[in-house]
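A structural walkthrough
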Amino acid sequence: MSKIGKIAFGLFLLLVLFLTYLEASEPQPVNWNPSYLETDKIALGSYVFYESWKENTTIPIEKIELPPFEFLEQGPTGTYFFLNNYLDFDDAELKKLLKWIESGNTVFLSAGYFGQNLLDTLKLETKTYIPGEDFTSMPYLDLVNPDLRSAEPYQYSHDVGLEYFSKIDTLKHTLLGVADLEFFKDPKDAYPVFLKSSWGKGTLYLHTFPEAFGNYFLLTNSNYRYAQGILSYLPKNETVYWDGYYKTGKTYFTSPLYVLLNNRALKWAYYFLLLGCIVFIIFEGKRKQRPVPVINPLKNQTYEYSRTIADLYLEQKDYKALAIKKIDHFNDYLRNRYRIFSNWKEDKFYKELAEKSSHTEEDTKYLFRKFQEITNKTEITKEELQDLNQKIDSYKQ
């Protein structure tokens, strides 16, 4: 490598190191992806809620990784707590869950989206609140019970969608919590987001704002009291089964590079290693041996060979043999060009060839009658051979 090349490589390396330092020292952006996983400490993880609940209650909380359909087969009793940005049970699973509630258990569902089969069963409808002119969506939330209501509604101070129940059967559902995008004092002026429904001997709770159980909301001002008020509705002496199956934030290891790329330091070390390999290939990957001599391939002399064979036939005046080979070559041309196998006795063959070659059916039949005449003769003249060659060339064009 020349001196100028070494200087250029050094400057390039310093630039890469400087850019790497800037990237590594940049503050980590806030992750707003929905997770609701009890181990995630991101804005929409449920680490704070889960750990605080475990520390401040004597009720046992069990994490369930199985699908509800399989878990309920074991015959548990207690409260099943679901928290995710969406909950969509299939028909068999929903039927089993409702039957479990009917036997005297409690289920709590908090999600921004519920499956249509659940809403149809409970005769509920949901809608998304559309923001006003300023396009901001920072909901205010509160509970309806005067003993649990706050002096001022709790605000979620980040843009987020607000789902609410647009249709409720007041004979079957009890309103427990409301929300609105504007500040309100009277719960009657807000939209329902928290309902209680009696189902057989048990109880079903539905909540459409799962962000209220996220780390960001609970660590803002005194918003944790809203979650405390919701939990006060749950039975105090039953085991709580925390659903760990329906979680958007569940980890799926789909690549061996997952751990490497999930850590910022290891990720940049990996990128720097790849960059170093590229630089090595550019500057040190040049050929360092004498060039390999080029060996030209053998010349294709098929045309010269064919000319020689044809000349031999012409010298011997065997025009009939040349004509037969010309006809065979034309038939091979039809197979390769039009994927047609010649059969002079079938009208379907003439019609198909005429359509594909853009000739009339009469011209096609005439050409093949000429082939038949030459084939039936024992000898032909040079003029007949030339006439055959001219007809074949004309048909190809």
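Structural notes on the overall build of the chain
Within the chain one finds 14 helices and 13 strands. Expected size for 397 residues packed as a compact globule is a radius of gyration near 21 Å; at 41 Å, the chain overshoots this value by more than 25%. A principal-axis box enclosing the C-alpha atoms of the chain has dimensions of 120 × 75 × 50 Å. For the chain, with 397 residues in total, the buried portion stands at 37%. Sequence-distant contacts in the chain: of pairs separated by 6 or more residues, those separated by 24 or more amount to 67%. Total accessible area on the chain stands at roughly 25000 Å², and carbon and sulfur atoms take up 54% of it.

Here's the deal with the side chain of Ser35
Following the sequence through the fold, Ser35 ends up in the loop between α1 (3-25) and α2 (47-55). Ser35 sits in the buried class, given a relative accessible area of 2%.

What to know about the packing of aromatic side chains
Per the counting criterion, the structure on display carries 44 aromatic pairs. Consider the rings of Trp268 and Tyr271, whose centres lie 5.7 Å apart with planes at 90°: the pair is edge-to-face. With Trp268 and Tyr271 both in helix α9 (residues 264-284), this residue pair falls 3 residues apart, about one helical turn. With a relative accessible area of 24%, Trp268 lands in the partly exposed category. Taking NZ or CZ as reference, Lys41 lies 4.8 Å from the ring centre of Tyr47, over its face. Directly above the aromatic system of Tyr333 lies the positively charged group of Lys396, at a separation of 4.7 Å from the ring centroid.

Examining helix α12 (residues 347-357)
Of all the residues in α12, the buried ones are Phe349, Tyr350, Leu353, Ala354 and Ser357. The buried residues of α12 occupy an angular sector of 125° when the element is viewed end-on, so they sit on one face. Away from its buried face by more than 90 degrees, α12 exposes Asp347, Lys348 and Glu355. Residues of α12 that are buried in the fold lie against α11 (319-338), α13 (361-376) and α14 (382-396). At the C-terminal side of α12, Ser358 shows a positive phi close to 65°.

Overview of the nonpolar core
The biggest cluster of nonpolar side chains holds 38 residues, and the ones touching the most others in it are Phe49, Trp53, Phe81 and Tyr226. Mapped onto this core, the elements with two or more residues apiece are α2, β2 (79-83), β7 (140-143), β10 (173-180), β11 (191-199), α6 (215-218), α7 (224-231) and β13 (240-243). In contact with Trp53, not counting residues within four places along its chain, are Ile61, Phe81, Leu231, Leu234, Val240 and Trp242. Core analysis: the second largest hydrophobic core is formed by 26 residues, Leu87, Leu98, Trp100 and Tyr241 among them.

Regarding the layout of surface pockets
Taken as a whole, the second largest pocket spans an internal volume of roughly 380 Å³. In terms of lining, the second largest pocket is formed by 18 residues, of which the most central are Ser52, Trp53, Asn56, Gln228 and Leu231. At the level of elements, α2 and α7 are the ones that each hand at least two residues to the lining of the second largest pocket. Looking at the lining of the second largest pocket residue by residue, the classes come out as 12 nonpolar, 5 polar and 1 charged.

Notes on the sheet that holds β2
Paired through backbone hydrogen bonds, the strands of a sheet run either parallel or antiparallel to each other. Taken in spatial order, the 9 strands make up an open sheet running β1-β13-β2-β4-β12-β11-β10-β7-β8, and their pairing is mixed. Among the strands making up the open sheet, the edge pair consists of β1 (61-64) and β8 (154-155). Relative to β10, β7 is paired through 4 bridges, and the arrangement is antiparallel. Residue pairing in the sheet places Asp142 in a bridge with Val178 of β10.

What about the packing of α11 against α14?
Remark: α11 packs on α14, axes separated minimally by 9 Å, with the N-to-C direction vectors making an angle of 10°. Taken together, the axes of α11 and α14 are roughly parallel relative to one another. Where α11 approaches α14, its residues Tyr319, Leu322, Ala323, Lys326, Ile327, His329, Phe330 and Tyr333 are matched on the opposing element by Lys382, Leu385, Leu388, Asn389, Ile392, Asp393, Tyr395 and Lys396. For the contact of α11 with α14, the per-class residue count stands at 10 nonpolar, 2 polar and 4 charged.

Re a nonpolar patch on the surface
Nonpolar side chains collect at one region of the surface, where Ile7, Leu11, Leu13, Leu14, Leu17 and Phe272 lie side by side and expose about 550 Å² of accessible area between them. If one sorts the elements of the nonpolar patch by residue count, α1 sits on top with 5 residues.

Cut-offs used in this document
- Residues numbered from 1 in each chain as written.
- Predicted model: local features only at pLDDT ≥ 70, side-chain atom pairs only at ≥ 80, totals over all residues.
- Heavy atoms only, no water.
- Helix = DSSP H or I, 4+ residues; strand = E, 2+ residues; numbered from the N terminus.
- Rg over C-alpha atoms; globule rule 2.2 N^0.38 Å.
- Buried < 20%, exposed > 50% of the residue type's maximum accessible area, 1.4 Å probe, protein only.
- Contact = heavy atoms within 4.5 Å.
- Areas by Shrake-Rupley, 256 points an atom, 1.4 Å probe, with all protein chains shown as cover.
- Phe/Tyr/Trp six-rings, centres within 6.5 Å; stacked < 30°, edge-to-face > 60°.
- Lys NZ or Arg CZ within 6 Å of the ring centre and 35° of its normal.
- Arc of directions from axis to C-beta.
- Core = buried A, V, L, I, M, F, W, Y, C linked by side-chain atoms within 4.5 Å.
- 1 Å grid on protein atoms, 1.4 Å probe; cavity = no way out; pocket = protein on both sides within 12 Å on 5 of 7 lines; lining within 4 Å.
- Points joined across faces, edges and corners; volume = space filled by probe spheres on them.
- Nonpolar A, V, L, I, M, F, W, Y, C, P; charged D, E, K, R; others polar.
- Pairing = 2+ DSSP bridges.
- Axes fitted to C-alpha atoms, helices over the stretch in contact; angles between N-to-C directions.
- Parallel < 35°, antiparallel > 145°, perpendicular 65-115°, else oblique.
- Patch = residues over 30% accessible without salt bridge, like charges linked within 9 Å, V, L, I, M, F, W, Y side chains within 5 Å.
- Salt bridge = Lys/Arg side-chain N within 4 Å of Asp/Glu carboxyl O.

Treat this as a map of the structure, not an account of what it does.
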